[in-house]
Every structure is written in structure tokens, then in C-alpha cells.
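Architecture and fold: a report
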Amino acid sequence: MDDLRTLNRRYVAAASAADGAYYRWARHSGVTMHTLDLLYAMDDGLPHSQKQVCEEWMLPKTSVNTVVRACREAGYITLEPMPEQPRQRQLCLTEAGRAYARETLEELYAAEEQAMEATVERFGAEFVDAVEFFSARFGAAIERNMKEEKPSV
């Protein structure tokens, strides 16, 4: 049990250090962490609603709404109707938004690629499979534990 706890603490510390690197990059780039998250999420070229971004990236709705509003005012994002869900709007990067995302993310992507290349060279591509597996199992365990009744204090 102690060995698993130690491994988990190492994993959480490593994940926090990676999150910290993204935070430092956001600060260096002059954007908020949530702006970086939104640009990163939208830079895959696929359509996204605010709801999808919040759910997939575990971002607070109010924060995403604030960032979307600011990006719309800056001319980086437009909202377009989603054909399959008329009540929702699709977030679309404008030409200026794509340039802004490219400028903000280009060096970040290069750093990610360097780190991933070294990691895959050492541990193999299964490294990502292992992280995804852990995340899915951990999320499922949390969901199960939240459904169990806890005694009142």
C-alpha cells in the first residue's frame, strides 16, 4: 500500500510540475491559463462549443465564458450556430485568432514535442496509454466513491 501511495504522490507531483510549466508559459506569453487552455483546445481545427470545451478540458464555465467574451471582443473568436444543436454556438477562431493561437502556442508545441520525443524514446509510446488508463480508472473510482453515502459530521 505504501509503495502505491509513494508512486501516486510521485505521479501527482510530476503532473503538478507539468501543469506549472504550462502556467509559466501562459504568464510568459501574456495570457491567462484559461486563455491558453481555450486556444489549445480550439487549435485542433475541429468545431467546439463552450460546453464541450468545459467538459473535455475540465474548465469552469464562468472562466471559459469570460475568456470567450474577451477573445470575441479582441476579434479572435466568432460564435456560429451548430447545425446539430441549434441552441448551442460553435466557437470559431477568426484569421486573427488563428494567428494569435499560432503565435502563443508555437514554441509551447516545440517544447512539448522535445519532451515527448525523449519520453517516448525512453519509455515507448505506451507511456501515453498508461497515463490515459490511470486517468480513466482514477476518474471512475472517484465517481464510485462520490455516489456512496458518507456519514454526516
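Heads up: the structure comes first, above all this text.
Predicted, not measured: the structure shown is a model, and the values here were computed from it.

Note on placement: tryptophan 25 falls in helix H1 (residues 2-29). Residue classification places tryptophan 25 among the buried positions, given a relative accessible area of 17%. Along the chain, tryptophan 25 and glutamate 80 lie 55 residues apart, while their C-alpha atoms are 30 Å from each other. Residue contacts for tryptophan 25: discarding those within four places in its chain leaves Leu36, Thr104, Glu107 and Leu108.

Right, let's talk about the pairing of strand S3 (residues 85-93) for a bit. In this structure, strand S1 (residues 48-49) lies alongside S3, joined through two bridges in antiparallel fashion. Paired with serine 49 across the two strands is glutamine 90, which belongs to S3. By the bridge criterion, six bridges tie strand S2 (residues 77-82) to S3 in an arrangement that is antiparallel. Bridge pairing in S3 links methionine 82 to glutamine 85. Taking the residues between adjacent antiparallel strands as the criterion, S2 and S3 are bridged by two residues.

So, about helix H4 (residues 61-73). Taking 1.5 Å per residue, 13 residues should reach 18 Å; H4 reaches 18 Å between its end C-alpha atoms and fits that length. Among the residues of H4, those classed as buried are Ser63, Val64, Val67, Val68 and Cys71. Buried residues in H4, looked at end-on, bunch into an arc of 130°, giving them a common side. Those residues of H4 that are exposed and angled more than 90 degrees off the buried face are Lys61, Thr62 and Glu73. On the buried face of H4, the contacting elements are helix H2 (33-42), helix H3 (50-57), S2 and S3.

Basis of the calculations
Residues numbered from 1 in each chain as written. Predicted model: local features only at pLDDT ≥ 70, side-chain atom pairs only at ≥ 80, totals over all residues. Heavy atoms only, no water. Helix = DSSP H or I, 4+ residues; strand = E, 2+ residues; numbered from the N terminus. Buried < 20%, exposed > 50% of the residue type's maximum accessible area, 1.4 Å probe, protein only. Contact = heavy atoms within 4.5 Å. Pairing = 2+ DSSP bridges. Expected span 1.5 Å × (residues − 1). Arc of directions from axis to C-beta.

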